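Results of the structural survey
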Amino acid sequence: MNLAEKSLLVQQLFAELETESKQFTTESGLSCISGCGFCCANPKIPASILEFLPLALDLHEKGVAEASLRLLETQENGGNCILYRPQNEDGSKGFCGNYQNRGMICRVFASSARRTKTGQKELITCKPIKESQADRFQEVNLLINEDMHIPMATAYYTQLRDIDESLCDHYPVNEAIRRALELVLRFKFYEEGERAEEV
């Protein structure tokens with residue numbers, strides 16, 4: 001399976017997660033706060049190469065993969081996610097510059113759960129949501145352990161690993177994007193070389 005085929009499987013998995021997440025958001029009334037950049041402004045957010053393959057291929061298709069790679073290589077200490085577009089000085093407000101191709105980590109936050117050591121489902125979310133919607137957050141945490149359906153993050157990460165486990169190690173978000181770009185640029189270089197040989 002080549003990188004383009006793996007990317008397509010990742011996109012299909014994301015589409016499935018999106019459907020489940022929308023259902024949960026509608027039922028729970030909980031979602032990310034519009035314009036919040038709390039998570040996006042954290043350079044230590046963990047991500048994998050595989051979840052950013054669709055982004056890397058998209059950037060290559062648009063002719064900006066090499067420029068994006070150069071930008072990543074100049075950032076000190078990882079920096080905030082290169083997709084993030086801050087709208088204020090401290091970076092707490094902003095938006096994603098390529099929302100369609102954001103990673104898995106961006107998709108599971110505030111709309112999926114994990115299991116605690118006692119086996120209870122626990123909503124994966126952030127401090128701003130817990131504080132600004134405290135009562136609803138507590139109520140939803142109870143409901144997901146009764147009858148409210150919620151996507152399970154571990155199930156989606158398992159499916160991601162099933163596509164290609166070797167590309168699922170976690171790195172800081174920009175490192176994952178950088179490695180995905182390098183992989184795609186190598187793949188495209190050899191793919192174009194093979195085409196030239198056929199001609």
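Above this note sits the structure.
Residues numbered from 1 in each chain as written. Predicted model: local features only at pLDDT ≥ 70, side-chain atom pairs only at ≥ 80, totals over all residues. Heavy atoms only, no water.

A closer look at the environment of Ile105
Going by this rule: Numbering of helices and strands runs from the N terminus; a helix is a DSSP stretch of H or I covering at least four residues, while a strand is a stretch of E covering at least two. Three exposure classes are used, based on accessible area relative to the maximum for each residue type with a 1.4 Å probe and protein chains only: buried under 20%, partly exposed in between, and exposed over 50%. Between two residues, a contact is recorded if the distance between any of their heavy atoms is within 4.5 Å.
Mapping Ile105 onto the fold places it in helix 4 (residues 104-108). By relative accessible area, which is 13% here, Ile105 ends up buried. Between the C-alpha atoms of Ile105 and Val173, which are 68 residues apart in sequence, the distance is 9.2 Å. In this structure Ile105 touches Ile45, Pro46, Ala47, Glu51 and Tyr157, once residues within four positions along its chain are discounted.

A short note on helix 6 (residues 134-143)
The cut-off we apply is this: To obtain the arc, one takes the directions from the helix axis to the C-beta atoms.
Turning to helix 6, its buried residues number three or more, namely Phe137, Val140 and Asn141. All buried residues of helix 6 project into a common sector of 105 degrees when viewed along the axis, lining one side. Opposite the buried face of helix 6, by more than 90 degrees, sit the exposed residues Asp135 and Leu142. Check the buried side of helix 6 and you find it contacts helix 1 (3-28), strand 5 (121-123) and helix 5 (127-132).

Things to note about the side chain of Ser21
Its place among the elements puts Ser21 in helix 1. Residues in contact with Ser21, not counting those within four places in the same chain, are Arg107, Ser111 and Pro151.

Observations concerning the packing of helix 1 against helix 7 (residues 153-163)
For clarity, the threshold we go by: Here an axis means a line fitted to C-alpha atoms, over the contact stretch when the element is a helix, while the angle between two N-to-C directions is reported on a 0 to 180 degree scale. In what follows, roughly perpendicular refers to angles from 65 to 115 degrees, roughly parallel to angles under 35, roughly antiparallel to angles over 145, and oblique to any angle outside these ranges. Here a crossing is taken to be left-handed if its near helix is turned anticlockwise relative to the far helix by less than a right angle, and right-handed if that turn runs clockwise.
Two elements in contact, helix 1 and helix 7, have axes separated by 10 Å at closest approach and are oriented at 170 degrees. The angle between helix 1 and helix 7 places the two elements in the roughly antiparallel class. Here the hand of the crossing between helix 1 and helix 7 comes out right-handed. Taken together, the residues of helix 7 that come into contact with helix 1 (itself represented by Lys6, Leu9, Val10, Leu13, Glu16, Leu17 and Glu20) are Tyr156, Gln159, Leu160 and Ile163.

Remarks on helix 1
In plain terms, the rule: A helix's residues, less one, multiplied by 1.5 Å, set its expected span. Under this definition, polar contacts are N or O atom pairs within 3.5 Å; protein pairs additionally need one hydrogen-donor-capable and one acceptor-capable atom, and for neighbouring residues in sequence, both atoms have to be side-chain atoms.
The end-to-end C-alpha separation of helix 1 is 36 Å, in line with the 38 Å expected for 26 residues at 1.5 Å each. Those residues of helix 1 that fall on the buried side of the exposure criterion are Leu3, Lys6, Ser7, Val10, Leu13, Phe14, Leu17, Glu20, Ser21, Phe24 and Ser28. Here helix 1 starts with a cap whose side-chain oxygen sits 3.0 Å from the backbone nitrogen of Ala4, and that cap is Asn2. One or two positions beyond helix 1, positive phi appears at Gly29, with a value near 75 degrees.

Here we look at the layout of surface pockets
Where we set the bar: Here a cavity denotes a set of grid points, spaced 1 Å apart and computed over the protein atoms alone, in which a 1.4 Å probe fits but from which it cannot get out, and a pocket denotes an open set meeting protein on both sides within 12 Å along at least five of seven lines; residues with an atom within 4 Å of a point are reported as lining. Grid points are joined across faces, edges and corners, and a volume is the space filled by probe spheres set on the points. When residues are grouped by polarity, Ala, Val, Leu, Ile, Met, Phe, Trp, Tyr, Cys and Pro land in nonpolar, Asp, Glu, Lys and Arg in charged, and all others, Gly among them, in polar.
Quantified by volume, the largest pocket comes out at close to 860 Å³. Lining the largest pocket are 34 residues, with Cys32, Tyr99, Arg102, Cys106 and Phe109 positioned closest to its centre. When contributions to the lining of the largest pocket are tallied by element, the ones reaching two or more residues are helix 1, strand 3 (94-96) and helix 4. Top element by residues in the lining of the largest pocket is helix 1. It accounts for four residues. Of the residues in the lining of the largest pocket, the class split is 21 nonpolar, nine polar and four charged. Roughly 170 Å³ of internal volume is contained in the second largest pocket. Every residue along the wall of the second largest pocket is listed here: Ser7, Gln11, Pro54, Leu57, Asp58, His60, Glu61, Lys62, Asn98, Gln100, Asn101 and Lys188. Every element with two or more residues in the lining of the second largest pocket is listed here: helix 1 and helix 2 (53-61). Of the residues forming the lining of the second largest pocket, the biggest block, five residues, is contributed by helix 2.

Considering the packing of helix 1 against helix 2
Axis separation between helix 1 and helix 2 bottoms out at 8 Å; the angle between their running directions is 120 degrees. What the angle tells us is that helix 1 and helix 2 run oblique. Crossing hand, helix 1 versus helix 2: left-handed. Together, Leu3, Ala4, Lys6, Ser7, Val10 and Gln11 of helix 1 and Leu53, Pro54 and Leu57 of helix 2 make up the contact between the two elements.

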